[in-house]
Amino acid sequence: MIEHAFFGATQNGERIEQYTITNRNGVRASMMTLGASLVSLVLPIAGGEVDVCLGYDTPKDYLLHHNYMGSICGRFANRIRNGRFSLNGTEHRLPVNNAPNHLHGGFVGFSFRIWDASVTGENSVTFSRLSPDNEEQYPGNLNVRVTYTLGDDNVLSLHYEAVSDADTILNLTNHPYWNLNGHGSGDAMEHTLMIPATYFCPTDAAALVTGEITPVANTPFDFRTPHSIRSSMDLDQKQLSFGRGYDHCYLLDGAQPIRLTGNKTGITLEIATDMPGVHLYTANQLYSHIGKGGAVYEAYGSLALETEQIPDAPNCPQFPSAILKAGEPFSSVTSYRFIF
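Since the model is a prediction, treat every value here as computed from it, not as a measurement. One numbering rule holds for all chains: residues counted from 1, following each sequence as written. Local features in this predicted model are restricted to residues of pLDDT 70 or higher, and side-chain atom pairs are both shown and tallied only at a pLDDT of 80 or more, whereas totals for entire chains, interfaces and linings draw on every residue. To get the side-chain values, all heavy atoms of the structure are used, and hydrogens and water are removed first.

## Some details on the layout of surface pockets
Piece 1. Approximately 590 Å³ is the volume attributed to the largest pocket.
Piece 2. Both site types are read off a 1 Å grid over the protein atoms alone. A 1.4 Å probe that fits but cannot get out defines a cavity, while an open set with protein on both sides within 12 Å along at least five of seven lines defines a pocket; lining residues have an atom within 4 Å of a point. Arg79, Asn98, Leu103, Tyr281 and Gln285 are, among the 32 residues lining the largest pocket, the residues nearest its centre.
Piece 3. In this description a helix means any DSSP run of H or I spanning at least four residues, a strand means any run of E spanning at least two, and both kinds are numbered starting from the N terminus. Within the residue set of the lining of the largest pocket, elements represented by two or more residues are helix 2 (238-243), strand 21 (247-251) and strand 24 (277-281).
Piece 4. When residues of the lining of the largest pocket are assigned to their parent elements, the largest contribution, three residues, is made by helix 2. Grid points are joined across faces, edges and corners, and a volume is the space filled by probe spheres set on the points.

## Points about the side chain of Glu306
Piece 1. Tracing the backbone through its elements, the reader meets Glu306 in strand 27 (residues 304-308).
Piece 2. Residue burial is assigned from relative accessible area. The probe radius is 1.4 Å, only protein chains are included, and a residue is buried under 20% of its type maximum, exposed over 50%, and partly exposed in between. The positive count covers Lys and Arg only, the negative count covers Asp and Glu only, and His and the chain ends enter neither. The salt bridge definition used is simple: a Lys or Arg side-chain nitrogen within 4 Å of an Asp or Glu carboxyl oxygen. An unpaired buried charge is present at Glu306: no salt bridge exists, and Arg79, the closest side chain of opposite charge, is 7.4 Å distant.
Piece 3. Side-chain polar atoms of Glu306 contact the side chain of His175, separated by 3.4 Å.
Piece 4. Any two residues whose heavy atoms approach within 4.5 Å are treated as being in contact. Leaving out residues up to four positions away in the same chain, Glu306 has contacts with His104, Thr173, Asn174, His175, Gly277, Val278, His279 and Tyr281. Whenever a nitrogen or oxygen atom comes within 3.5 Å of another N or O atom, the pair is scored as a polar contact, on the condition that within protein one atom can donate a hydrogen and the other can accept it, and that pairs from neighbouring residues in sequence are kept only if both atoms are in side chains.

## Focus: the pairing of strand 29 (residues 330-339)
Piece 1. Between any two strands, at least two bridges found by DSSP are needed for them to pair. Where strand 14 (residues 155-164) meets strand 29, eight bridges bridge the pair, whose relative direction is antiparallel. By the bridge assignment, Ala162 is partnered in strand 29 with Phe330.
Piece 2. Note that strand 23 (residues 268-273) and strand 29 share six bridges and pair antiparallel. Bridge pairing links Glu270 to Arg337 in strand 29.

## Quick word on the environment of Ile21
Piece 1. Positionally, Ile21 belongs in strand 2 (residues 15-22).
Piece 2. Sequence separation between Ile21 and Ser111 is 90 residues; the distance between their C-alpha atoms is 21 Å.

## So, the packing of aromatic side chains
Piece 1. By convention, a stacked pair of Phe, Tyr or Trp rings (six-membered ring in the case of Trp) has centres within 6.5 Å and planes under 30 degrees apart, an edge-to-face pair has planes over 60 apart, and any other such pair is tilted. In this structure the tally under the stated criterion is 14 aromatic pairs.
Piece 2. When the centroid spacing of 5.1 Å and the interplanar angle of 85° are considered together, the rings of Tyr56 and Tyr62 count as edge-to-face.
Piece 3. A residue is classified by how much of its surface remains accessible, and Tyr56, at 1% relative accessible area, is buried.

## Some words on the environment of Met275
Piece 1. For Met275, the position within the fold is in the loop between strand 23 and strand 24.
Piece 2. When residues no more than four places from it in sequence are discounted, the contact partners of Met275 are Asn171, Leu172, Leu252, Thr307, Glu308, Gln309, Phe330 and Ser332.

## Thoughts on the state of the cysteines
Cysteine pairs can be linked by a disulfide, which is a covalent bond between their two sulfur atoms.
Piece 1. Cysteine sulfur pairs qualify as disulfides if the two atoms are within 2.5 Å. Applying the stated criterion to the full structure yields zero disulfides.
Piece 2. For Cys73, which is in no disulfide, the shortest distance to another cysteine sulfur is to Cys53 and amounts to 13 Å.
Piece 3. Free of any disulfide, Cys201 has its nearest cysteine sulfur in Cys249, 5.0 Å distant.
Piece 4. By relative accessible area, which is 0% here, Cys201 ends up buried.

## Considering the environment of Leu305
Piece 1. Residue position: Leu305 is located in strand 27.
Piece 2. In sequence terms Leu305 and Tyr281 are 24 residues apart; their C-alpha atoms lie 6.6 Å from each other.
Piece 3. Contacts of Leu305, omitting those with residues within four sequence positions, involve Pro176, Leu193, Ile258, Leu260, Ile271, Val278, His279 and Leu280.

## Observations concerning the sheet that holds strand 1 (residues 2-9)
Piece 1. The strand order across the open sheet formed by five strands is 1-2-3-4-5, and the pairing between neighbours is antiparallel. Strands with a single pairing partner mark the edges of an open sheet, and in this sheet they are strand 1 and strand 5 (48-51). Here the strands of the sheet are splayed against their neighbours by 20° on average, with no regard to which way each runs.
Piece 2. The pairing of strand 4 (residues 37-45) with strand 5 spans four bridges and is classified as antiparallel. If you follow Leu43 over to strand 5, its bridge partner there is Val50. Each axis is a line fitted through C-alpha atoms, taken for helices only over the stretch in contact, and angles between the N-to-C directions span 0 to 180 degrees.

## Structural notes on the pairing of strand 23
Piece 1. Where burial is concerned, most of strand 23 is hidden: five out of the six residues are buried.
Piece 2. Here strand 22 (residues 258-261) runs beside strand 23; their pairing, made up of four bridges, is antiparallel. Each residue of the ladder has a partner; that of Leu260, found in strand 23, is Leu269.
Piece 3. Between the antiparallel neighbours strand 22 and strand 23 lie six residues, among them Gly266 with a positive phi of about 75°.

## Quick look at the nonpolar core
Piece 1. We call a set of buried residues a nonpolar core when its members are Ala, Val, Leu, Ile, Met, Phe, Trp, Tyr or Cys and they connect through side-chain atoms within 4.5 Å of each other. In this structure, Leu41, Trp178, Ile195 and Tyr250 are the most contacted members of the largest nonpolar core, which totals 60 residues.
Piece 2. No other element matches the five residues that strand 13 (residues 142-150) contributes to this core.
Piece 3. Other than its neighbours up to four places away in sequence, Tyr250 contacts Ile195, Ala197, Tyr199, Phe200, Val216, Phe221, Phe223, Pro276, Gly277, Val278 and Leu280.

Printed below as a string of structure tokens:
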């Protein structure tokens, strides 16, 4: 079942619509046209309903806080060094909105745009938009679609599709903040995490990858065996000291899913993707403020697991290519399975 409602409006009066998909088990996923964002993910557990996805009650809050809460990030998610990359012998200069780097598509990336939306199945909603040539200084007219589908198997899948009329770069991700004990329930660092990755990408003090690919073995970045996040989060370790926590990309080994389990509810989230990497962010810089329903959101009270191309890939030929050729269709699927 899909319900459609008015979520709110921007200061310029642009309407923002919300779509809610409910499956036969009572799981509800709500998305809105601002940023094609995931607004809530409600699970009917034994003790009552729990919303495991952070969010806000009004468009104003989404636009004010600029933390990409639940949104689709693009045209290039994550960071690009100094906002510069070369393509076909031409240097392109992107806005530097996370000095000294470009982050998540620029000052007005996909997360802060109003998307078109349509119901495309009994349990699917598709968000789409045209990103015109030179939007945030990216080359090419890019048509992009993201389809959310919620199955009766309690899997929320996101199908990303895009095509450009000129060569460009592309890195699409969704940026939900998860707390499987319930949004606003406090610290999330006792969650158990498993990331099937033998290598991760070290960063510099500005949270940008250095270009190195480093084994996780014998480091705080080894989540190949499930354990609590806090048990390995040594903030005195050089890499973790830069951002006071995890803000790093892992190169996934293969098809084995990422697993996250709430320490209080026992809810498990399995994330499967065909993307080469996943970025672990432990909400280190999420300052204390009020979220939806009056909940208090603070640093380390949630985490993001962003499936993605490797950050700064356009400047690092050793990483998988993030170039999208003119007329070549892009397609990728990330799925979120909830076990409760």
